[in-house]
Each structure stands twice: as structure tokens, then as C-alpha cells.
Amino acid sequence: MTKIKSLFISLVLTLGVSTAIAGSHGSTHDLVKERGKLMCGSNTGLAGFGAPNDAGVWEGIDVDVCRAVAAAVFGDASKVEYVPTTSKVRFTVLQSGEIDMLSRNTTWTLSRDVDLGLEFVGVNYYDGQGFMVNKSLGVSSAMELDGASVCIQVGTTTEMNLADFFKANDMSYESVPVETNSEADAAYTAGRCDVYTTDASGLYASRAGYPDPSAHVVLPEIVSKEPLGPAVRHGDSEWADIVRWSLNAMIIGEELGITSANVDEMKSSKNPEVLRLLGVDAGYGAMLGLSDDWAYNILSQVGNYSESFEKHIGPNTPINIQRGLNALYKDGGILYAPPFR
Amino acid sequence: MQTNFFRKIIFDEKSRSLLIQTLVIGLFALFIYLITQQTAYNLEKRGISSGFDFLHISAGYDISIRLIPFTSEDTHLRAYFVGLLNTLMIAVCGCFLATIIGFLVGIIRLSSNWLFRNIAYVYVEFTRNVPVLVQIILYYSILLNLPKIKQAIVIFDNFYLTNRGFFSPSPIFKDGFSIVAWSLVIAIIFTFFLKRFFKKKQEETGKQYPTFMINSAIIIFTPIIFYYIMGMPLEFDSPVLKGFNFKGGMVIRPEFLGMLFGLSIYTAAFISETVRSGIISVSKGQREASQALGLKSNFIMRLIIIPQALRVIIPPLTSQYLNLTKNSSLGIAIGYADLVHGFGGISLNQTGRAIEIMMMVMLTYLTISLTISFFMNLYNKSVQFKGNA
């Protein structure tokens, strides 16, 4: 009797405490403003895309997207804290709210967009998976790779593309899974694998860091579509809009010929789209919850897409990538931003 | 009645402790409940799907270190089993090697030879004070610096050592080989009975028989004789360098070897200390008494010291086995395709089911550890003092 009674009492007591703890999440934009800096998920180090330079300052075209968002929100492109993420933890870090956005050569796929609770807001680099081999192997096509050992970074879309490519062409391979880009470089240069496969951009970036870059060749086959772009958490459309249009502003800037050098002169342009973009025609910033000079800040502090590309990965850098697909639609590429109106 | 009830709860020790215990259990259950609810709520709010359906969709990636066939079309569930078997393989091989090294070093540390004793001492102090992850990466890096595939070190014509692994011929069993295998099994069973027979004889007559020699000879020669009788039903497939890699034969990958060396060399240092303490724990009088009886020193060790030392050795040895098994999850650092690396890493990333997958991985490690504990406890009981000694 006592037992049942005491059990009953304890139950009543415990149930009384069980009021739902509802997690209250404010909007990301407010959180960022309150914090005074943007938390941006970046690569752990991929030259040209997102890596600290000799002075410890983060640089690259992915990093420039973070800087553009900071310029739009704070008017200061340097108010960013970079959180290096591996390919494996990047989504968890974003989902858990540790970072405000992820700009880390990440492929936009259906399952990531839908199933992982993310929202991709655009594409800042059109990439595709390629293969790099040592020239001494005398291989000129990926179709000759039957039986090769292939180094591959785990937790990426690349391993599925790799499996599909070899299966479709009835070839066998040994996969050598590695955790990070630098481990892949080490295993590849040590000869643990014949082939290193990842996004072609990543191969170029890695190759630039090898003792003898000319000894390695990126094979012509590109076996996948890899649209790389920034992502935010699903469910905060206002924040997604800010990130999306920060990137678009850089692309439209190139389209309209606005560079960090001429942005002040362009303020007196006759072109109405330029005037809208630079905030001379007021009202567009307020739609995003930003000041009217948000895009002006991006273009003056970060520059347009072309400037970012040429500075970090263009033909005049060690990475040496042609614009190719990433040229503006006017110039034969597929880079295209919706109109600013 | 009412006041009586409350009085009883407050002043009666039994009722009071019962109340406190139910309260604690209730609060704990509530805590778990709230965490689960909150997690489910957060997952739903962020639009993250959950559930175990993903186990039955195809994995889409390949695993090259595997004990059962696996292709990219197989399911995540099969990837789980591939990883589980790899974890068990490294755990079993690691525990085996660690035990051998550990016992040897433990005995050497008690040796009267100054040089051997101190080499063992340095080994123990060095390996057990350097993190096992660092050691694994060190051994793996050394293995990666072996010759490249085209410059392989050739051993006995058919064995090749390269930084892609150790390639050896693989056996091909032909008709009639099963008879050879059975002859070995029967030989082993036969020697078991023979041993008991000799022991009984010895108890009756006092005469000693060279049991070990006779039994070894039976176990070695029976299958060899049958092998020739059956017309040598075994062939070997040698690895041949073709294109990028060796074709045919078997291979032990450097990832596996790196893990094996790292885990067993590290754990062996702890085991050797356990063994040393076990041997020291046997009182000096035991040794002196057996010497007084005129036993040979190797008999003293085997029949008097070790059986008594085992009582002390087994419990800490169990926990070393558990440590080694759990440390095998460090395979992720060098790309050894164990449970955490493949299923807990790649599958997790492809499907995004972090909570479900980690729960499965945790439960699996728990099961493995409890199984090891269970059998080691059984063994421990069998080596304890019998009767009322």
C-alpha cells in the first residue's frame, strides 16, 4: 500500500515539472547583428577557395562570400569569424546553429537541400569531379584507370560519383578513404594511390601546393555536376535572402562593370540598375532589412565576382583556373543572377 | 490516517528511502524523456528527417577493406556489417598480438639480465606514455614510406611489400582439401584425449610422457600425410603486377597494419605491467617450496607461478581488451574502414541520420564490450582458487 502511494506521489511530483521547454530561436539576422560578427563555416584549408594566408587572414572565393554578407550586414567586410569545418561535420555545425552560414565548396544536391534541413542560396562556383594522376603513369584518360588505387575524401558526393563512374565503365578500383584534403595530398604524393579524385577546382588547388606541380595532370573527364554554393539553415527565409543577394550583388556588379576601384564614380552613373544596386535609388536595402548602401559596401570592400575570381583562383594565380563555365552568361559561361529590380 | 501516512514517510527509514529512490528514478526518466522530446522537436523544426528507413537504401560508396563482398549497390545495413566485421577483425588480431607481446615483455621485465630488463622497461614507459593515436599515425606514416608499388620489395619470389600493403599468394582449395582439413580437426581432438590418457597414466605410475612433443607431431604430420594421399589438393594464386596494382593473391593493407601495430604495441605495454604484477603477487614461498621439491625451473613457472598469477592478471587484462576494442575506433584517423569510419562516417554523411547511426554504433560497441567481459569473467572464474582454499 505504502509503496503504491509513494510511487503515485512521486509520479505526480515529477509530472508537475514536465512543462515543455520550447526552444526559442530568434531570426538569424538579429542574432548576427546582436553578436556583432558573422560566424561563417569555411574549409579547413583549400587554397584559393578558403584558407588562411601567411598572415593568418582568411582568403578565397568562398571566403569572399562570407565577407560580402558581413559587408552587407555591418558595412564592414572584416566582421567575420571563420569556423573551419571538415567535409563531415559541416552540415551538423550549420544545423546546430554554431555558424550562421556555410561557404565551403559544398555541392548543392537535392537530398542536402531537402533532407538535411539546409537551404542553398546560389552557386558561386560551377565545378565537376575530376581525376589527377602523376604524368609518369602515362595515363591520358580516366577510362584507362582500371585497377587503380584512388584517394578520396570521405563524406562528400565524390565517393558516390566515383563508385558510379567506375561501375558504369565496368572498371575496378581500390578506394583509399582519407579525412581531409591535406591527408589526401600526403597519401597521393606518397604513392599510396595512383589517382586523386575530387572537384576539379580542388585538384588544381592541391596541385599548386605540390613540390613539382607540372608532374601532375588533371584528366579531361569531368564525371559530375558539382554546383558549389553557400548554404544556410532551412526555415529562415529572410536570412537566406540576405546571403543570396549578397552573392548576387557580386555577380550583378561584374555584369554592370562595377569594381571596387570605380564604385564611387559609378554612383553618378546614368544606368538605373547601377543606381538601384548602389543605393542611390533608395528602398532596396530596406526590403532586405539592410541599409541602402549594402551592395555598395560589398562592391567597395570585397569587389565584384570577377575581381574575387581573378584574385584567388584565376589564371594569374598559382591555382590557374580559367573562367570556363563560371564566366558570365554574356561571355559564354552560365553565371547568371536575377535582375536587381 | 493521513497524518500517519506522512509521518511514516518522513520518519520510517524504509519508506523514506523508497520515496527518495522513486523520486530520483522519476526525475531521471523525466530527464531522458525531455531530452528525447526536445531532440525530436528540434529535428522536426529544422526540417531534418529521422528514422531507420535509410538502412535499406543503397550505400552508393565502396569499401576496399572488407571481409564480406560489398559493392556500392549494397545497402547501408550491409555497410554496417562490413564495418562491424572490420572492427571485430582488428579487435581480435590486436588482442591476440597484444597478449603475446605483453606476456613476453612482462616476463622479460622480471628477468635477471640487466640489458633485456631495461630494454623492456624503456619500451613500456615509452609506449604507454605516448597517446595511442600518435603511435597509430606514426606507424601508418612509416608504412606509407615503404617502396612504391613498382619498386616493391620481393620476399621469396611471391611475397611483395609495398606502401599499398603486403601482397601474398592466396590459397585455392581444390577437391579433396576438405578431407585434409577434417584430418586436422580429428588429429586435434585425438591429441586432447591422448593428453588426458597420459595424465592419468602419470597419476597412476608417476612416469612422465613427452606429451607435448607427441601431440605436436600428430597435429603437424597428420594433415601433411593426408595432403599427399589426396594428391596435393591445394594451389596458390600469386599476385602479379598488372597495370596500376597487383592482381590476384591476397593483401594486407597498410591501414590495417598501422592499426594493428599501434593498438597492440600500445596495449601490450599495459598488459606487460599486469603480467609483471601478477607474477610478483605470487608469494616467494611458493617458488622456494617448489624448488625444495626439486621441480625444474620451467615447471615452476608453468605449474606453480603462472596459474596463481592468472588470478591477479585476468581482471585487469579484461579491461585492456576492452580498451583496445574501443580504441579501434581511431581507425578513422588513417582510413581503416571500421564501424565508425564507414557506417558511422560515410553513411552518416550521405544520409544525415546522425542520431540514429550514432545510437547504433554505441549499442554495437556496448554489446561487443559486454560480450568480452562476459567471456573473460567466465575464464576468470575458472582460474580462481577452487574449493575452500
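Residues numbered from 1 in each chain as written. Chains lettered and ligands numbered in written order. Predicted model: local features only at pLDDT ≥ 70, side-chain atom pairs only at ≥ 80, totals over all residues.

(A) Up close: the domain arrangement of chain A. Residues and elements named next belong to chain A. Under the domain assignment, chain A is made up of domain 1 (28–126 + 228–329) and domain 2 (129–224). Between the C-alpha centres of domain 1 and domain 2 there is a distance of 29 Å. Tallying the contact residues gives 17 residues for domain 1 and 16 residues for domain 2. Looking at side-chain class alone, the side of domain 1 that touches domain 2 contains 7 nonpolar, 9 polar and 1 charged residues. (Domains from an automatic or database assignment. Contact = placed C-beta atoms within 7 Å. Nonpolar A, V, L, I, M, F, W, Y, C, P; charged D, E, K, R; others polar.)

(B) Molecular detail of the nonpolar core. Counting 150 residues, the largest nonpolar core has Ala68(A), Val69(A), Cys151(A), Val195(A) and Ile298(A) as its most contacted members. Looking at which element gives the most residues to this core, the answer is helix α8 (residues 254–281) of chain B, with 12 residues. A domain split of this core shows at least three residues from each of domain 1 (28–126 + 228–329) and domain 2 (129–224) of chain A. Non-local contacts of Cys151(A), meaning those with residues more than four positions away in its chain, are made with Val176(A), Val178(A), Ala184(A), Ala187(A), Tyr188(A), Arg192(A), Cys193(A), Val195(A) and Tyr196(A). By size, the runner-up hydrophobic cluster in this structure holds 7 residues, among which are Ile149(B), Phe166(B), Phe167(B) and Val251(B). (Core = buried A, V, L, I, M, F, W, Y, C linked by C-beta atoms within 7 Å. Buried ≥ 20, exposed ≤ 12 C-beta atoms within 10 Å, placed from the backbone. Helix = DSSP H or I, 4+ residues; strand = E, 2+ residues; numbered from the N terminus.)

(C) Representation of the pairing of strand β8 (residues 129–134) of chain A. Residues and elements named next belong to chain A. Within β8, 5 of the 6 residues are buried, which leaves the element mostly enclosed by the surrounding structure. Across 3 bridges, β8 lies against strand β12 (residues 216–218) in antiparallel orientation. Bridging from a neighbouring strand, Val133 pairs with Val217 of β12. (Pairing = 2+ DSSP bridges.)

(D) The interface of chain A and chain B, seen in detail. Taken together, the contacts link 44 residues of chain A with 41 residues of chain B. Every element with two or more residues in the side of chain A that touches chain B is listed here: α1 (2–17), α4 (90–95), β9 (148–153), α6 (158–168), β10 (173–178) and α7 (181–190) of chain A. Considering every element that reaches the side of chain A that touches chain B, the biggest residue donor is α1(A), with 10 residues. Looking at the side of chain A that touches chain B residue by residue, the class counts come to 16 nonpolar, 16 polar and 12 charged.

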